[in-house]
Amino acid sequence: GQGVVVGQGATLGAGCVIGDGVMIDKDAVIGDDVTIDDNTIIKQGATVDNGAVIGRDVEIGRGATIGACAQIPDGTVIRQRENVPGTCPLETGD
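Residues numbered from 1 in each chain as written. Predicted model: local features only at pLDDT ≥ 70, side-chain atom pairs only at ≥ 80, totals over all residues. Heavy atoms only, no water.

*Asks:* How should the sheet that holds strand 5 (residues 29–30) be read in this particular structure?
*Replies:* Across a sheet, strands are paired by hydrogen bonds formed along the backbone, either parallel or antiparallel in direction. Spatially, 2-5-8-11-14 is the arrangement adopted by the five strands of the open sheet, whose pairing is parallel. Single-partner strands in this sheet number two, and they are strand 2 (11–12) and strand 14 (83–84). Taken together, the two bridges between strand 11 (residues 65–66) and strand 14 define a ladder with parallel strand orientation. By the bridge assignment, Ile 66 is partnered in strand 14 with Val 84. (Pairing = 2+ DSSP bridges. Helix = DSSP H or I, 4+ residues; strand = E, 2+ residues; numbered from the N terminus.)

*Asks:* Hey, could you run me through the state of the cysteines in this one?
*Replies:* What we call a disulfide is simply a covalent bond connecting the sulfur atoms of a pair of cysteines. One pass over the full model with this rule turns up one disulfide. The disulfide partner of Cys 69 is Cys 88, and the gap between their sulfur atoms is 1.7 Å. Looking down the S-S bond of the Cys 69 and Cys 88 bridge, the torsion is 70 degrees, so its handedness is right-handed. Here Cys 69 is found in the loop between strand 11 and strand 12 (71–72), whereas its partner Cys 88 is found in the segment after strand 14, with 19 residues between them in sequence. On the basis of relative accessible area, Cys 69 is assigned to the partly exposed category, the value being 22%. Looking at the unpaired Cys 16, the closest cysteine sulfur is the one in Cys 69, lying at 13 Å. (Disulfide = S-S within 2.5 Å. Buried < 20%, exposed > 50% of the residue type's maximum accessible area, 1.4 Å probe, protein only.)

Rendered as structure tokens:
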């Protein structure tokens with residue numbers, strides 16, 4: 001996207017889609033195949049696991065963790081160090 005800011009030490013996985021005006025603060029970790037919509041802020045040290053979809057105008061607090069495949073609706077505020085569980089289906093080992 002346009003106007004994206006990625007802080008020092010932040011990492012972005014393969015296949016990510018990042019919207020306009022997104023800010024990813026230093027030391028944040030974004031997994032593979034994550035979608036982040038416009039004007040979202042991901043603060044220092046937050047982690048967004050593989051396949052998560054983050055809506056528009058979302059704020060993810062410092063050190064928060066968003067689990068794999070989680071769906072975060074537009075306008076959501078995730079508190080500092082909050083843990084949002086993932087929603088990926090569990091693989092069966094048959």
